[in-house]
Amino acid sequence: MNFKDTVLLPKTDFSMKANLPELERKLLSHWKGQNLYQKISDKTKGRPLFVLHDGPPYANGHLHMGHALNKILKDITMKYQRLWGKDCPFVPGWDCHGLPIEWKIEEAYKAKNLNKDQVEPLQFRKECREFAQKWVDIQKDEAQLLGAFGDWNNPYLTMHYRSEGQIVAELHKILMNGSLYKGLKPVQWSVVEKTALAEAEVEYHDKVSPSIYVRFPLPEPLQGIDNVSAVIWTTTPWTIPANRALSYGEDITYVIAQEDGNHPFLIAENRLNAFAAETGLKDVRILKNVSGKDLAGLKAWHPLHKVGYDFQVPFLAGSHVTTDQGTGLVHTAPSHGLDDFEVGRQYGLEVPNYVGNDGVYHAHTPLFAGIHIFKGNSVVIQALKEQDALAFETTLTHSYPHSWRSKAPLIYRATPQWFVSMDQTGLRQKALDEIEKVKWFPPQSKNRLKAMVKDRPDWCLSRQRSWGVPIAIFVSKATGEPLKDPKVNDRIVQLFQEHGTDIWYAWNNEKFLGPDYNPNDYEKTLDILDVWFESGASYAFVLEQRPELTFPADLYLEGSDQHRGWFQSSLLVSCATRNKAPYKAVMTHGFVVNDQGHKLSKSSGNALTVEEILEKHGADILRLLVAGTDTSEDLRLSTDSLKRQEEIYRKVRNTFRYLLGNLQDFQAKDCVSYDKLPDLEKWVLGRLFILQTQIVEGLNTYNYHILFGNLYNFCVNDLSAFYFDIRKDSLYCDSRSSPKYQAVLTVLHHVFQYLCLWLSPIISFTAEEAWQTRSPDESIFLQDMPSLPHEWHNAALAERWDVVRNVRRVVTGAIELERSQGHIKSSLEAQVLLFVEESSVFDVLKSFALEELMITSKLVLIHEKSEDGFTLTDGPAVRVKVSDAFGHKCERCWRILEEVGTIPETPTLCHRCADVVKNG
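Cut-offs and rules
Residues numbered from 1 in each chain as written. Predicted model: local features only at pLDDT ≥ 70, side-chain atom pairs only at ≥ 80, totals over all residues. Heavy atoms only, no water. Helix = DSSP H or I, 4+ residues; strand = E, 2+ residues; numbered from the N terminus. Rg over C-alpha atoms; globule rule 2.2 N^0.38 Å. Buried < 20%, exposed > 50% of the residue type's maximum accessible area, 1.4 Å probe, protein only. Pairing = 2+ DSSP bridges. Axes fitted to C-alpha atoms, helices over the stretch in contact; angles between N-to-C directions. Contact = heavy atoms within 4.5 Å. pLDDT = per-residue confidence, 0-100. Parallel < 35°, antiparallel > 145°, perpendicular 65-115°, else oblique. Nonpolar A, V, L, I, M, F, W, Y, C, P; charged D, E, K, R; others polar. Disulfide = S-S within 2.5 Å. Core = buried A, V, L, I, M, F, W, Y, C linked by side-chain atoms within 4.5 Å. Salt bridge = Lys/Arg side-chain N within 4 Å of Asp/Glu carboxyl O. Arc of directions from axis to C-beta. Phe/Tyr/Trp six-rings, centres within 6.5 Å; stacked < 30°, edge-to-face > 60°. Left-handed = near helix turned anticlockwise from the far one by under 90°.

**Student:** Explain the overall build of the protein chain to me, using residue names and the numbers behind them.
**Tutor:** When helices and strands are counted, the protein chain shows 28 helices and 31 strands. On C-alpha atoms alone, the protein chain measures out to a radius of gyration of 38 Å, which is more than a quarter above the 29 Å that the 2.2 N^0.38 rule sets for 920 residues. Summarising its shape, the C-alpha atoms of the protein chain cover approximately 125 × 80 × 50 Å along the three principal directions. Every one of the 920 residues in the protein chain was classed for burial, and the buried ones make up 56%.

Structure (structure tokens):
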């Protein structure tokens, strides 16, 4: 008889090779066909609500790896919350306005040698809207390829009419409460994009700038010394034409110094040596000491006073002046610096308007009209040389603000803009107070946002662009003050919600102002609103207006860069209009980098696209990478890291395959009650109970990498290397009707059920495939997470099995040594003598069938100390001696036993196998 046919080998259609890209496409089609998200929503409706508000990505290109990381994290979060009994509606959103989209349309015009400013504004806005909608549709499909569930058929868009109307309504609330004002201030300005930029749109790169020392001649003797020049240092020579003062420190000591043969100069005393060293001055003598206070009332000629700048500039005390670098005297151009502007405001200085939106000096700029400031540095330096005003010239490499979109350097430029005051109505303090009430993950991220809110200037809301929500405010031509009329505001909002914001540019004033005002007395504000205000106000047109959602959200989850962006803008808008934060908790994640920790970018050739990864590896591999990474840090992505995830996936998949192969026709109704299970099976169920507790802890802190690490270790160490290894003999060779066999299947059934559910938020496609292998007509995502019976938690039993497993490590090590040396081929050929000195360990071990647990044909437990034999330095105090087992090999189970050969009908079988073959 061929006894191999009597062995109960695993059998399943769940293949070893997943072919994830093909599997995922099939399941996506299946989920869409059965409208799975709606079925989930119907099932969970009425349960406790958990709202994660989706921060809107820009609709201007394919999803990149940063998007994928974010979408996967959000999806894992929502799926776990649903598993634990929550109703978790997820409304995806898109940011559809602003510079990133407008820039793409401009690029298309430039490719045709056309200028955007020559295009009819409504036509330009129409093209921007169509472009945004195209990419919304593309990104929707790409996000679903990641396995992300959501209301993809009904997302929120900032360009929806109702969204645009509500954004303006939020702006009007800030106008009415006195926080909004129009003022002249220097803002970070992009001369390429011709607009002010938000702090979140600024990134810093190294830049090589000219570094010059400039002489400002004093018209009168100083301390009795003629021909003294005040010396300043700057890295922006192009701002010299706008100079209107020299700032000094009242508590700084200055000196009049001179190199033999040259004119004397004024400089801070403790900057003299550094200045002389850098400029190569020799034999410099100090002629006089001058107190900072003694500089009050002094004036100096503008360094270009002979060529168009025929005026003197005052010395003004400034609290911003230090002697950390430079000369202790600060070139002050109120048009081009925040500190400069504040000094100018304090003393009533002129704020010259020399530089246009495009970075070109205006026609009224003496000497430099028509020159672009990017070329202005060299031109100004040459003019200073010709006027003998240039003391020294070199270059400096320093970190400098650039536009995140055009990558061009930014300038500070004073222009009339709309601002939200941080302090006029106490907005800063409200925001700081609310930050303390929010839960932050990781906790230290709270301090980052606090520091930013504490130190930020007033919020510049206006942009000089075309595509976006207009700052829909009327300004009186007579007074320059904004119109504050609730009826007008309500009319504007209602019209926007019905017709969209294009009408602001197409309709006349009368339709908005109504009968109470003369339309000729007011002018529209044509600036558009900062897109960060739009997305920041999204709680108003999403959380508060979607019936399935609620305000505030339970969670905002975005990258750590959103401390500067969406986290902060949402907080400020909400505090300004609602006096509270729009979120109860905030979770942040890092960026996607390569193995060397460098940012991924196409230009550097190190970028792996989402499409490439999905086509080659599948979404579940990417989801594993996200779940297995501490995402509070950066996620390292490379070909090697993906290969590591494939190996991890293979082990998890094989765990499912082994479970499914053995369960075959086993059903829940066949389960054995807990009290009839052997101790090993009870131990496994106890591990499930502990895992459930650990998972809940991971969910509460959003530490998915710890959660998955526990699940992975359970699959690899507790199951594959221990429980499956031990019980495969029973599964393959015991009778189907034997109590032990039924007990093992009972545990496998529970393990499969919980493991599949626990992993479904992470490897969603694979978990669905595995679940439907047993239940073809059910989706795992329509299942509830069953509670675990408390009787499964048996701490005393777990302690006993810890002892067994520690001893097993020593026995396995001893057998492996013998096998590696060629003395035996497998553990079943071994007889083991196990010497145990410690009584407590011996008492635990003597109650177990150790041959089965150690997978040997015979094991003798000896309660005595042995001086020789195998042991482990980090293991228990036991010794192991391995020799060949006595007897013959059972042809069916392969154990070597003395009883083999004693049964005449089946002389090649052991008693157990002979009974199974005979009775089935």
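Moving on, there is more to tell.
**Student:** So what's going on with the sheet that holds strand β28 (residues 858-862)? Which residues, and what values?
**Tutor:** Here 3 strands make up an open sheet; going across it, the order is β28-β27-β29 and the pairing mixed. The open sheet terminates on both sides in strands that have one partner only, identified here as β28 and β29 (878-884). If you compare each strand with its neighbour and ignore which way they point, the axes differ by 15 degrees on average. Relative to β28, strand β27 (residues 830-836) runs parallel, the two sharing 5 bridges. When the sheet's bridge partners are listed, phenylalanine 835 is paired in β28 with isoleucine 862. Packed onto the sheet, helix α25 (residues 795-820) meets β27 and β29 and runs at close to 40 degrees relative to β29.

**Student:** Talk me through the confidence of the model for the protein chain; I want residue IDs and the actual numbers.
**Tutor:** Detailed reading of predicted coordinates is not advised where the pLDDT is low. Mean pLDDT over the protein chain works out to 93, with 99% of the residues at or above the 70 mark. Within the protein chain, the element-level pLDDT minimum falls on strand β5 (residues 195-196), averaging 84, and the maximum on strand β1 (residues 52-53), averaging 98.

**Student:** Describe the packing of helix α21 (residues 679-701) against helix α22 (residues 704-733), with residues and values.
**Tutor:** It is the contact of α21 with α22, at a shortest axis distance of 9 Å, that shows an interaxial angle of 170 degrees. Between α21 and α22, the crossing angle belongs to the class labelled roughly antiparallel. Packed against α21, whose contacting residues are Leu680, Glu681, Trp683, Val684, Arg687, Leu688, Leu691, Gln694, Ile695 and Leu699, the element α22 presents Tyr704, Leu707, Asn710, Leu711, Phe714, Asp718, Phe722, Tyr723, Ile726 and Arg727 at the interface. Tallied by class, the residues present in the contact of α21 with α22 amount to 14 nonpolar, 2 polar and 4 charged.

**Student:** I'd like to hear about the state of the cysteines, residue by residue, with values.
**Tutor:** For the structure on display, the rule yields 0 disulfides. For the unlinked cysteine cysteine 733, the closest cysteine sulfur is that of cysteine 913, found at 5.0 Å. Residue cysteine 733 is classed as buried on the basis of its relative accessible area, which comes to 4%. A disulfide-free cysteine, cysteine 893 has its sulfur positioned 3.6 Å from the sulfur of cysteine 890, the nearest such atom. Taking relative accessible area as the criterion, cysteine 893 reaches 7% and is therefore assigned buried.

**Student:** Describe the sheet that holds strand β24 (residues 585-589), with residues and values.
**Tutor:** Reading across from one edge, β1-β23-β24-β17 is the order of the 4 strands in this open sheet, with parallel pairing throughout. Every interior strand has two partners, whereas the edge strands, β1 and β17 (439-441), have only one. In the packing of helix α3 (residues 65-83) onto the sheet, contacts are made with β1, β23 (555-559) and β24, and the angle to β23 comes to roughly 155 degrees.

**Student:** An account of the nonpolar core is requested, with residue identities and associated values reported.
**Tutor:** Among the nonpolar cores identified, the biggest contains 130 residues, and Tyr80, Phe656, Leu755 and Leu834 are the most heavily contacted of them. If you tally residues by element for this core, the top one is helix α23 (residues 739-759), at 14 residues. Once you skip the residues sitting within four places of it in the chain, leucine 834 turns out to touch Val807, Val811, Leu845, Leu850, Leu859, Val860, Leu861, Ile862, Val878, Arg879 and Val880. Among the nonpolar cores identified, the runner-up in size contains 66 residues, and Val488, Phe512, Val531 and Tyr556 belong to it.

**Student:** Explain the pattern of salt bridges to me, using residue names and the numbers behind them.
**Tutor:** A full pass over the atoms with the stated rule returns 53 salt bridges. The salt bridge involving lysine 74 is made with glutamate 558; its shortest N-O contact spans 2.7 Å. Of the two residues, lysine 74 is situated in helix α3 and glutamate 558 in strand β23; the sequence distance between them amounts to 484 residues. Taken individually, lysine 74 and glutamate 558 each receive the classification buried, so the pair is uniform in this respect. Residue arginine 805 is joined to aspartate 718 by a salt bridge in which the shortest nitrogen-to-oxygen separation is 2.8 Å. Of this pair, arginine 805 sits in helix α25 while aspartate 718 sits in helix α22; the two residues are 87 residues apart in sequence, bridging distant segments of the chain. Aspartate 718 sits in the buried class, given a relative accessible area of 7%.

**Student:** Just give me the short version of helix α2 (residues 36-44), but keep the residues and values in it.
**Tutor:** Because an α-helix completes one turn every 3.6 residues, residues spaced three or four positions apart along the sequence face the same direction. Taken as a whole, α2 has its buried residues at Leu36, Tyr37, Ile40, Ser41 and Thr44. Each buried residue of α2 lies within a common arc of 140 degrees when the element is viewed along its axis, so the set occupies one face. Looking at the buried positions of α2, the neighbouring elements they touch are α1 (20-33), α3 and α24 (764-774). Positive backbone phi, approximately 95 degrees, marks glycine 46, located one or two places after α2.

**Student:** Describe the packing of aromatic side chains, with residues and values.
**Tutor:** Counted according to the given criterion, the structure contains 42 aromatic pairs. On the numbers, 5.3 Å between centres and 40 degrees between planes, the contact of tyrosine 539 with phenylalanine 551 is tilted. With tyrosine 539 in helix α16 (residues 538-541) and phenylalanine 551 in the loop between α16 and β23, this pair connects stretches of sequence that are 12 residues apart. Both residues of the pair, tyrosine 539 and phenylalanine 551, belong to the buried class. Taking 6.0 Å as the distance between ring centres and 25 degrees as the angle between the ring planes, the aromatic pair formed by phenylalanine 708 and tyrosine 712 counts as stacked.

**Student:** Can you explain the environment of threonine 394? Please cite residues and give values.
**Tutor:** Relative to the assigned elements, threonine 394 resides in strand β15 (residues 390-403). Relative accessible area serves as the criterion here: at 30%, threonine 394 is assigned to the partly exposed category. For the pair threonine 394 and tyrosine 213, spaced 181 residues apart in sequence, the C-alpha to C-alpha distance is 9.1 Å. The residues touching threonine 394, leaving out its near neighbours within four places in the chain, are Ser209, Pro210, Ser211 and Glu278.

**Student:** Pulling in residues and values, what's your account of the environment of arginine 819?
**Tutor:** Secondary-structure assignment places arginine 819 in helix α25. Note: C-alpha distance between arginine 819 and alanine 830 (11 residues apart in sequence) is 9.6 Å. Setting aside anything within four residues of it in sequence, one finds arginine 819 in contact with Ile824 and Lys825.

**Student:** How would you sum up the packing of α23 against α24? Please name residues and give values.
**Tutor:** Viewed as axis vectors pointing N to C, α23 and α24 meet at an angle of 145 degrees, and their least axial separation amounts to 9 Å. Our pair here, α23 against α24, has a crossing hand that is left-handed. Along its contact with α23, which presents His749, Phe752, Gln753, Cys756, Leu757 and Leu759, the element α24 presents Ala767, Ala770, Trp771 and Arg774.

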